[in-house]
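Single-letter residue listing:
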Amino acid sequence: MASNKLHISYNQIHQLIDYAVKRFHLGDDYSPDLMIAIGGGGFIPARILRSFLKAKHGRNIPIQAIGLSLYEELPNAGQDGVPEIPGVQVTKTQWLNFGGADSLVSLLGRKILIVDEVDDSRKTLVYAVAELLKDIRAQEIQAGMNPGESNTEIGIFVVYNKDKPKAEELPEAVMRHYYPAATTPDRWLFFPWDCTTDIGVHTELSKQDIYGTVGEGWHRQPSVSPEQIESLKDANVTLVSGFVCLARIREPLGLVGGYWGMDPEIIFQVSAGSPRTAIRGILAMCDFLAKLRGSPELSDETNSQITLFIERANIWVRINNI
Ligand SMILES: O=P(O)(O)OC[C@H]1O[C@H](OP(=O)(O)OP(=O)(O)O)[C@H](O)[C@@H]1O
Ligand SMILES: Nc1nc2[nH]cnc2c(=O)[nH]1
């Protein structure tokens, strides 16, 4: 794993959740009636998500909390972005008590949405789903049903999914309702709630991280101004004096690519690499956009912006292909 961590701000999380609800048609295509937040990182995202789902149907979805822990509780780990060491096994620190005498909630027939802030090795999510399935089976037996007869569904919402080989796999039925608001490279994510120094400085750093720019792309309209497209034309002027030009085109890349789910690594290549890496990134981006062009979901205006963007990017590549 690369050593540099990515600063994440509260706003980025809020905006990503907003966009994800729209992008995945949450509340319509999959309309949960129970959220289960994995604490502590899943608590704030679940609460934000509840607001966006309420805005759709006017109903507040109940949030239940479970506590699972995989990462070692070393003295400074987790604090101020110090990466934690993954443990071997997930441990339960808190669980549902649906069978308890004072419990009013049944899992049967529900559309459940598990919420967490990050899917890293996937061990935590796999464990949570396996334990939940055991509870569902137990409740089905108690109700005199056959396994699966209650048609209870489980979905997963994560704010960040790390793009890496996962240690364990989720059941196929659950993957059909797997909603990652954003995909990140395999770096340590430094969340705002882990910051114990200056949250203002942390927020500023989150804007400078390329991922911050990409993240912002997800919530804005997929539209790039003519001036931004135009700026590609003279990007080569500053290339020779460093990577200033790449910063100039980073925003339009983040806007178009981020909004339509382009791999953030491409944008990272474009803005953080050598000229040659940048050119590779631009070409990968053109490929991505070319596939997107003409999609029925795109407006005519967006389509023509993409066409123009590819044309300008190609000019940029030709000029700089050293
Ligand atoms: O995909 P995985 O490798 O299993 O990692 C993801 C889990 O790791 C973090 O939990 P952590 O144990 O650090 O607890 P916390 O949420 O209280 O910080 C995070 O909140 C996820 O639940
Ligand atoms: N804060 C934090 N917790 C994690 N748990 C697993 N991966 C991560 C990460 O990148 N950041």
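Cut-offs and rules
- Residues numbered from 1 in each chain as written.
- Chains lettered and ligands numbered in written order.
- Predicted model: local features only at pLDDT ≥ 70, side-chain atom pairs only at ≥ 80, totals over all residues.
- Heavy atoms only, no water.
- Helix = DSSP H or I, 4+ residues; strand = E, 2+ residues; numbered from the N terminus.
- Buried < 20%, exposed > 50% of the residue type's maximum accessible area, 1.4 Å probe, protein only.
- Near = heavy atom within 4 Å.
- Polar contact = N/O pair within 3.5 Å; in protein donor to acceptor, adjacent residues only side chain to side chain.
- Areas by Shrake-Rupley, 256 points an atom, 1.4 Å probe, with all protein chains shown as cover.
- Axes fitted to C-alpha atoms, helices over the stretch in contact; angles between N-to-C directions.
- Parallel < 35°, antiparallel > 145°, perpendicular 65-115°, else oblique.
- Left-handed = near helix turned anticlockwise from the far one by under 90°.
- Contact = heavy atoms within 4.5 Å.
- Nonpolar A, V, L, I, M, F, W, Y, C, P; charged D, E, K, R; others polar.
- Pairing = 2+ DSSP bridges.
- Right-handed = clockwise from strand over helix to strand, strands pointing away.
- Patch = residues over 30% accessible without salt bridge, like charges linked within 9 Å, V, L, I, M, F, W, Y side chains within 5 Å.
- Salt bridge = Lys/Arg side-chain N within 4 Å of Asp/Glu carboxyl O.

Asker: Where do I start with the overall build of the protein in this structure?
Answerer: When helices and strands are counted, the protein shows 12 helices and 8 strands. When burial is assessed residue by residue, the protein has 49% of its 322 residues classed as buried.

Asker: I keep staring at the site of ligand 1 and nothing clicks. Help me out?
Answerer: As a structural note, the neighbourhood of ligand 1 is formed by 16 residues, with Tyr 71, Asp 116, Glu 117, Ser 121 and Thr 124 the closest of them. Glu 117 is positioned such that a nitrogen or oxygen atom in its side chain is 2.7 Å from an oxygen atom of ligand 1. Within the contact set of ligand 1, an oxygen atom lies 2.5 Å away from a side-chain nitrogen or oxygen of Thr 124. With the chains in place, 84% of the 500 Å² that ligand 1 exposes on its own is no longer accessible.

Asker: Which parts of the structure should I look at to understand the packing of helix 1 (residues 10-23) against helix 2 (residues 43-57)?
Answerer: Pairs of packed helices are described in terms of their axes, by the angle between the two and the distance that separates them. It is the contact of helix 1 with helix 2, at a shortest axis distance of 10 Å, that shows an interaxial angle of 40°. Taken together, the axes of helix 1 and helix 2 lie oblique to each other. For the crossing formed where helix 1 meets helix 2, the hand is right-handed. Each of Tyr 10, Ile 13, His 14, Ile 17, Asp 18 and Val 21 in helix 1 lies in contact with helix 2, whose residues at this interface are Ile 44, Pro 45, Ile 48, Leu 49, Phe 52, Leu 53 and Lys 56. Here the contact of helix 1 with helix 2 is composed, by residue class, of 10 nonpolar, 1 polar and 2 charged.

Asker: Where do I start with the sheet that holds strand 2 (residues 34-39) in this structure?
Answerer: Hydrogen bonds between backbone groups are what pair the strands of a sheet, and the pairing can be parallel or antiparallel. Ordered in space as 4-3-2-5-6-7, the 6 strands form an open sheet in which the pairing is mixed. Single-partner strands in this sheet number two, and they are strand 4 (86-94) and strand 7 (178-184). When the angles between neighbouring strand axes are averaged without regard to direction, this sheet yields 20°. Across 4 bridges, the pairing between strand 2 and strand 5 (residues 111-119) is parallel. Within the sheet, the bridge partner assigned to Ala 37 lies in strand 5 and is Val 115. Sitting on the sheet, helix 3 (residues 123-142) is in contact with strand 2, strand 3 (63-71), strand 4, strand 5 and strand 6 (153-162), with an inclination near 160° to strand 5.

Asker: It is not clear to me how the site of ligand 2 should be interpreted in this structure. Could you clarify?
Answerer: The full set of residues close to ligand 2 is Tyr 71, Val 118, Asp 120, Lys 162, Arg 187, Trp 188, Leu 189, Phe 191 and Asp 194. Within the contact set of ligand 2, an oxygen atom lies 2.6 Å away from a side-chain nitrogen or oxygen of Lys 162. For ligand 2, a nitrogen atom lies 2.8 Å from a polar atom in the backbone of Leu 189. Burial of ligand 2 by the protein amounts to 92% of the accessible area it has alone, namely 280 Å². Counted by class, the shell around ligand 2 contains 5 nonpolar, no polar and 4 charged residues.

Asker: Quick question: what am I supposed to make of the pairing of strand 5 here?
Answerer: The two faces of a sheet get side chains in turn, since along a regular strand they alternate between them. The element strand 5 is largely enclosed, with a buried count of 7 among its 9 residues. For strand 5 and strand 6, the ladder comprises 8 bridges, and the chain directions are parallel. Looking across to strand 6, one finds that Asp 119 is bridged to Asn 161. Each parallel crossover has a hand, and for strand 5 linked through helix 3 to strand 6 it is right-handed.

Asker: What should I look at first to understand a nonpolar patch on the surface in this one?
Answerer: Judged by side-chain polarity, Tyr 10, Phe 43, Ile 44 and Ile 199 come together as a nonpolar surface patch covering roughly 330 Å² of accessible area. Following the sequence through the fold, Ile 199 ends up in helix 5 (residues 199-208).

Just geometry here; none of it tells us what the structure is for.
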